[in-house]
Amino acid sequence: MVKTPVFKGSCTAIVTPFNEHGVDYERLRKNIEFQYENGTSALVVCGTTGENATHTPNEHDELVRVAVRESKGRMKIIAGIGSNNTESALRAAENARYSGADAVLMVTPYYNKSTQKGLIEHFSYVADRVDIPMIVYNVPGRTGIGVTAETCRALSQHPNINGIKEASGDIALAAKIRSLCGNDLYIWSGNDDCTVPLMSLGALGVISVASNIVPGTVAKLCTLCLNGSFAEATELYAKYAGLFSTLFVETNPIPVKAAMKLMGMDSGILRLPLTDISPENLIRLTEEMRGVGISV
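Just so you know, the residues in each chain are numbered from 1, in the order the chain's sequence is written. In view of the model being predicted, local features appear only for residues whose pLDDT reaches at least 70, and side-chain atom pairs are presented and counted only at 80 or more, with totals across whole chains, interfaces and linings using the full set of residues. Side-chain numbers come from the whole structure's heavy atoms, not from hydrogens or water.

A. Main features of the packing of helix H2 (residues 57–71) against helix H3 (residues 86–99). Orientation of H2 relative to H3, taken along the N-to-C sense of each, is 30°, at an axis distance of 9 Å. Classified by the angle their axes make, H2 and H3 are roughly parallel. For the crossing formed where H2 meets H3, the hand is right-handed. In contact with Pro57, His60, Asp61, Val64, Arg65 and Val68 of H2, H3 contributes Arg91, Ala92, Asn95, Ala96 and Ser99. Residue type decides the class: Asp, Glu, Lys and Arg count as charged, Ala, Val, Leu, Ile, Met, Phe, Trp, Tyr, Cys and Pro as nonpolar, and the leftover types, Gly among them, as polar. Tallied by class, the residues present in the contact of H2 with H3 amount to five nonpolar, three polar and three charged. The angle between two axes is taken between their N-to-C directions and runs from 0 to 180 degrees, where each axis is a line fitted to C-alpha atoms and a helix contributes only its stretch in contact. Only DSSP runs of H or I with at least four residues qualify as helices, and only runs of E with at least two residues qualify as strands; both kinds are numbered from the N terminus onward. Angles below 35 degrees are treated as roughly parallel, those above 145 as roughly antiparallel, those between 65 and 115 as roughly perpendicular, and all remaining angles as oblique. In a left-handed crossing the near helix is turned counterclockwise from the far helix by less than a right angle, and in a right-handed crossing that turn is clockwise. Every residue pair with non-hydrogen atoms within 4.5 Å of one another is taken to be in contact.

Written out as structure tokens, the structure reads:
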């Protein structure tokens, strides 16, 4: 079976604009339109950047429905469904499928610290029961457990497991996954600063935080890499490297929500336990944004 990648290019892990009453869906709609107008290929809704750990089940379901409806088929919609409770992940995947999402993004189960065998069974349990492409999300810095290349090889044999968002920062691991899995498991960078090296190894794009504020730049970076123009891509990356780094000076999405506000985009409030960016880091972020020509 030849798998078709969920998307190629830039995918924005879009923020959730909360207000004191819940989710500001009108602001979400405007943010989705901004992404489309700037060349974004896909959106992850209810991901880490969207503060999915603080969503109620009803908010999760409605966020996916609104994103699908507002995208109008112009961008792929990928629903974050990760949980350390396999049944909860299955429920979220079922809703995503019912709502018309194009794929789901499923993170490794945090806190439980399962074995690699447990990971295979966790992902396979959901993939067996919901006919929708799944992207495995490997981010051990947040979850405390990483996916090995050998586990990726096992998962790649499942017809519904389409690829991996590789956010470990381990380039050698990505190279080994590519070697073992080929096109049975597509790779997307999960870190803006790893986009060029991972795409040089065959990754198809990035699931990006930075594209919340510079979607056109991230889309261009991916297009250059997909076209094999890695020297030009490296030059473009070098211009934005400081900004990409500063967007993680505090826990994501604290800095990117602050950056959006500096640009006049209402990104909404943060939900506890996340708090506003510190004054000193706000100054640093402002300087980096001005350095790449963003008007703040």
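On we go from here.
B. Up close: the side chain of Thr151. For Thr151, the location among the structural elements is in helix H6 (residues 149–156). A residue is classified by how much of its surface remains accessible, and Thr151, at 3% relative accessible area, is buried. For Thr151, the residues in contact, after removing those within four places along its chain, are Gln116 and Ile120. Note on classification: 1.4 Å probe, protein chains only; a residue is buried when its accessible area is under 20% of the maximum for its type, exposed when over 50%, partly exposed between these limits.

C. The arrangement of the nonpolar core in detail. Core analysis: the largest hydrophobic core is formed by 81 residues, its most contacted members being Ile177 and Leu243. The residues touching Leu243, leaving out its near neighbours within four places in the chain, are Ile213, Leu285, Glu288, Met289, Val292 and Ile294. Remark: nonpolar core denotes a set of buried residues (Ala, Val, Leu, Ile, Met, Phe, Trp, Tyr, Cys) joined through side-chain atoms within 4.5 Å. Judged by nonpolar contacts, the second largest core, of 18 residues, contains Val6, Ile78, Ala103 and Leu105.

D. Molecular detail of helix H7 (residues 171–181). Turning to H7, its buried residues number three or more, namely Leu173, Ala174, Ile177 and Cys181. On an axial view of H7, the arc spanned by its buried residues comes to 100°, and they lie on one face. More than 90 degrees from the buried face of H7, the exposed residues found are Ala172 and Ser179. Looking at the buried positions of H7, the neighbouring elements they touch are strand S7 (134–138), H6, strand S8 (161–166), strand S9 (186–189) and helix H8 (195–200). Definition of a polar contact: a pair of N or O atoms within 3.5 Å, with one able to donate and the other able to accept a hydrogen when the atoms are protein atoms, and with sequence-neighbouring residues admitted only if both atoms are side-chain atoms. Between the side-chain oxygen at the start of H7 and the backbone nitrogen of Ala172 there is a gap of 3.1 Å, and the oxygen is on Asp170. Looking at the residues trailing H7, positive phi occurs at Gly182, about 55°. Note that the arc is defined by the directions from the helix axis to the C-beta atoms.

E. Quick look at unusual backbone geometry. With an omega of 10°, the peptide bond running from Asn252 to Pro253 counts as cis. Looking at the element boundaries, Pro253 is found in the loop between helix H10 (230–246) and helix H11 (254–262). Cis geometry is adopted by the peptide bond preceding Pro273, which originates at Leu272 and carries an omega value of 20°. Locating Pro273 in the fold gives a position in the loop between H11 and helix H12 (279–291). The backbone phi angle of Glu51 is positive, close to 55°, even though this residue is not glycine. Relative to the helices and strands, Glu51 resides in the loop between strand S4 (42–45) and H2. Judged by its relative accessible area of 4%, Glu51 falls in the buried class.

F. Examining helix H1 (residues 25–37) more closely. How far a helix is expected to stretch is found by multiplying one less than its residue total by 1.5 Å. When the terminal C-alpha atoms of H1 are compared, their 18 Å separation across 13 residues agrees well with the 18 Å that a helix rising 1.5 Å per residue should span. Here H1 has its buried residues at Tyr25, Arg27, Leu28, Asn31, Ile32 and Gln35. Down the axis, H1 shows its buried residues gathered within 150° of arc, on one side only. At its buried positions, H1 is contacted by strand S1 (9–13), strand S3 (22–23), S4, H2, helix H9 (215–226) and H11. At the N-terminal boundary of H1, the capping side chain belongs to Asp24, with an oxygen 3.3 Å from the backbone nitrogen of Glu26. Looking one or two residues past H1, Gly39 carries a phi angle of roughly 85°, positive in sign.

G. Just the packing of H3 against helix H4 (residues 116–129), in detail. Two numbers describe how H3 lies on H4: the axes approach to 10 Å, and their chain directions differ by 30°. Crossing of H3 against H4: the hand is right-handed. Between H3, through Thr86, Glu87, Ala89, Leu90 and Ala93, and H4, the contact on the second element is made entirely by His122, Tyr125, Val126 and Arg129. By residue class, the composition of the contact of H3 with H4 is five nonpolar, two polar and two charged.

H. Examining the environment of Val206 more closely. Along the chain, Val206 turns up in strand S10 (residues 205–208). Counting along the chain gives 169 residues from Val206 to Glu37, while the straight-line C-alpha distance between them is 18 Å. Once you skip the residues sitting within four places of it in the chain, Val206 turns out to touch Phe7, Gly9, Ser10, Cys11, Trp188, Ser189, Asn191, Asp192, Thr195, Val218 and Cys222.

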